[in-house]
Amino acid sequence: MNAAIDHSREALSDAMAGVLERLRQRAPRVHCLTNAVAQAFTANVLLALGAIPSMTLAAEEVPAFAASADALLLNLGTLDDTRRTAFALGLEVAERDGKPWVLDPVFVDRSPPRLALAGDLLLRSPTLLKVNAGELAAMGGADRLGASSYAVTGAVDVVSCGGRQLRLANGDPMMGRVTATGCAAGAVLGACLAVEPDPLLAAASGLSFVAIAGELAAREARGPGSFVPAFLDALYGLDARTLAAQLRLA
């Protein structure tokens with residue numbers, strides 16, 4: 001990703017459109033080791049965007065599913081022994097095969113055991129770390145991450161990689177009224193990493209796809225119940241023209 005894309009909204013929109021086109025052409029599969037609350041919604045988000053989900057947590061199946069996937073998501077939103085084992089098995093395959101993987105350390109600021117696990121996983125150099133401000137602070141702040149690639153979500157999403165940074169201003173408060181929108185975004189980041197080697201562009205694209213779809217859905221929805229189908233439809237209909245019109249940088 002060149003400097004022009006870093007600073008030009010138009011060039012960034014064009015680059016994101018390229019990521020979206022490749023995603024739909026290649027239909028990458030993301031193996032999602034995610035929390036119980038988020039599984040179905042995450043699968044539907046990936047399918048609406050053009051990617052393919054797989055979700056098994058079974059120890060006897062995870063290695064084969066991870067080996068045939070294009071990216072891996074580790075989401076700590078519900079932490080239990082089954083998921084701990086699945087994380088270890090899936091990550092072993094991703095590291096062996098050089099597959100991109102996303103770490104989403106959900107609520108590590110509320111659980112010492114979860115924070116300890118996230119710290120161990122962070123030492124294994126995720127392709128991308130997705131956090132909110134509270135989670136980032138619990139993990140030691142941005143200074144600890146150094147040149148790592150990470151996305152800090154919030155009213156303004158901040159994506160950083162190797163000293164480069166983008167600030168993205170799309171999104172709508174309605175997204176916070178529906179469970180698992182953030183968790184599903186982690187899976188979208190995995191899909192983007194599967195088709196785009198630059199983590200900064202992949203992360204900016206994935207977060208923007210989700211945030212722009214959220215804005216479009218909120219304009220039509222009467223509340224959270226009608227937001228969900230509108231959000232899935234907006235992801236399905238997302239295109240280069242919409243990205244160009246809606247993308248906002250902070």
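About the criteria used
- Residues numbered from 1 in each chain as written.
- Predicted model: local features only at pLDDT ≥ 70, side-chain atom pairs only at ≥ 80, totals over all residues.
- Heavy atoms only, no water.
- Phe/Tyr/Trp six-rings, centres within 6.5 Å; stacked < 30°, edge-to-face > 60°.
- Helix = DSSP H or I, 4+ residues; strand = E, 2+ residues; numbered from the N terminus.
- Buried < 20%, exposed > 50% of the residue type's maximum accessible area, 1.4 Å probe, protein only.
- Lys NZ or Arg CZ within 6 Å of the ring centre and 35° of its normal.
- Pairing = 2+ DSSP bridges.
- Axes fitted to C-alpha atoms, helices over the stretch in contact; angles between N-to-C directions.
- Salt bridge = Lys/Arg side-chain N within 4 Å of Asp/Glu carboxyl O.
- Contact = heavy atoms within 4.5 Å.
- Polar contact = N/O pair within 3.5 Å; in protein donor to acceptor, adjacent residues only side chain to side chain.
- Core = buried A, V, L, I, M, F, W, Y, C linked by side-chain atoms within 4.5 Å.

Draft legend 1. The arrangement of the packing of aromatic side chains in detail. In this structure the tally under the stated criterion is two aromatic pairs. With 6.1 Å between their ring centres and 20° between their planes, F41 and F231 make a pair best called stacked. Here F41 is found in helix α3 (residues 39-49), whereas its partner F231 is found in helix α11 (residues 224-237), with 190 residues between them in sequence. Pairing F227 with F231 gives two aromatic rings, centres 5.6 Å apart and planes at 15°, and the pair type is stacked. Pair noted here: F227 and F231 are both in helix α11, with a separation of four residues, about one helical turn. Look at F231 and you get buried, because its relative accessible area is 1%. Grouped by ring-pair contacts, the aromatic residues F41, F227 and F231 constitute a single cluster. Here the guanidinium or amino end of R110 rests over the ring plane of F107, the centre of that ring lying 4.3 Å away.

Draft legend 2. Region of the structure containing the sheet that holds strand β3 (residues 71-75). Taken together, eight strands build an open sheet; the order of strands is β2-β1-β3-β4-β5-β6-β7-β8 and the sheet is mixed. Two strands lie at the open edges of the sheet, namely β2 (52-54) and β8 (164-168), each paired on one side alone. Sheet twist, expressed as the mean angle between neighbouring strand axes with direction ignored, is 20°. With two bridges connecting them, strand β4 (residues 101-104) and strand β5 (residues 128-132) associate as parallel partners. Counted as the bridge partner of V102 is L128 from β5.

Draft legend 3. Region of interest: the pattern of salt bridges. Applying the stated criterion to the full structure yields seven salt bridges. The closest approach of N and O atoms between R124 and E95, which form a salt bridge, is 2.7 Å. In this pair, R124 sits in the loop between α6 (112-122) and β5 while E95 sits in helix α5 (residues 81-97), placing the two residues 29 residues apart along the sequence. Residue classification places R124 among the partly exposed residues on the basis of a relative accessible area of 34%. Under the relative-accessibility criterion, E95 is labelled partly exposed at 38%.

Draft legend 4. Seen up close, the environment of V195. Among the secondary structure elements, V195 is positioned in helix α9 (residues 181-195). For V195, a relative accessible area of 5% puts it in the buried group. In sequence terms V195 and S148 are 47 residues apart; their C-alpha atoms lie 19 Å from each other. With near-sequence residues (within four places) excluded, V195 lies in contact with V19, R22, L23, R26 and P28.

Draft legend 5. Structural context of the side chain of H31. Tracing the chain through its elements places H31 in strand β1 (residues 29-33). A distance of 3.0 Å separates a polar side-chain atom of H31 from the backbone oxygen of T56. Filtering out sequence-adjacent residues up to four positions away, H31 remains in contact with S54, M55, T56, V62, F65, A69, A71, L72 and L73.

Draft legend 6. Fine view of the environment of A169. Mapped onto the fold, A169 is located in the loop between β8 and α9. Taking the C-alpha atoms as reference, A169 lies 14 Å from A203; in sequence the two are 34 residues apart. Aside from chain neighbours lying at most four places away, what touches A169 is E215, R248, L249 and A250.

Draft legend 7. Focus on the nonpolar core. Ranked by internal contacts, the top residues of the largest apolar core, which has 64 residues, are M16, V45, L46, F209, F227, F231 and L243. If sequence neighbours within four positions are ignored, L46 has contacts with V30, C32, A51, I52, P53, A187, V188 and A191. Counting 24 residues, the second largest nonpolar core, distinct from the first, contains L74, F87, W101 and Y150.

Keep in mind these values describe shape, not function.
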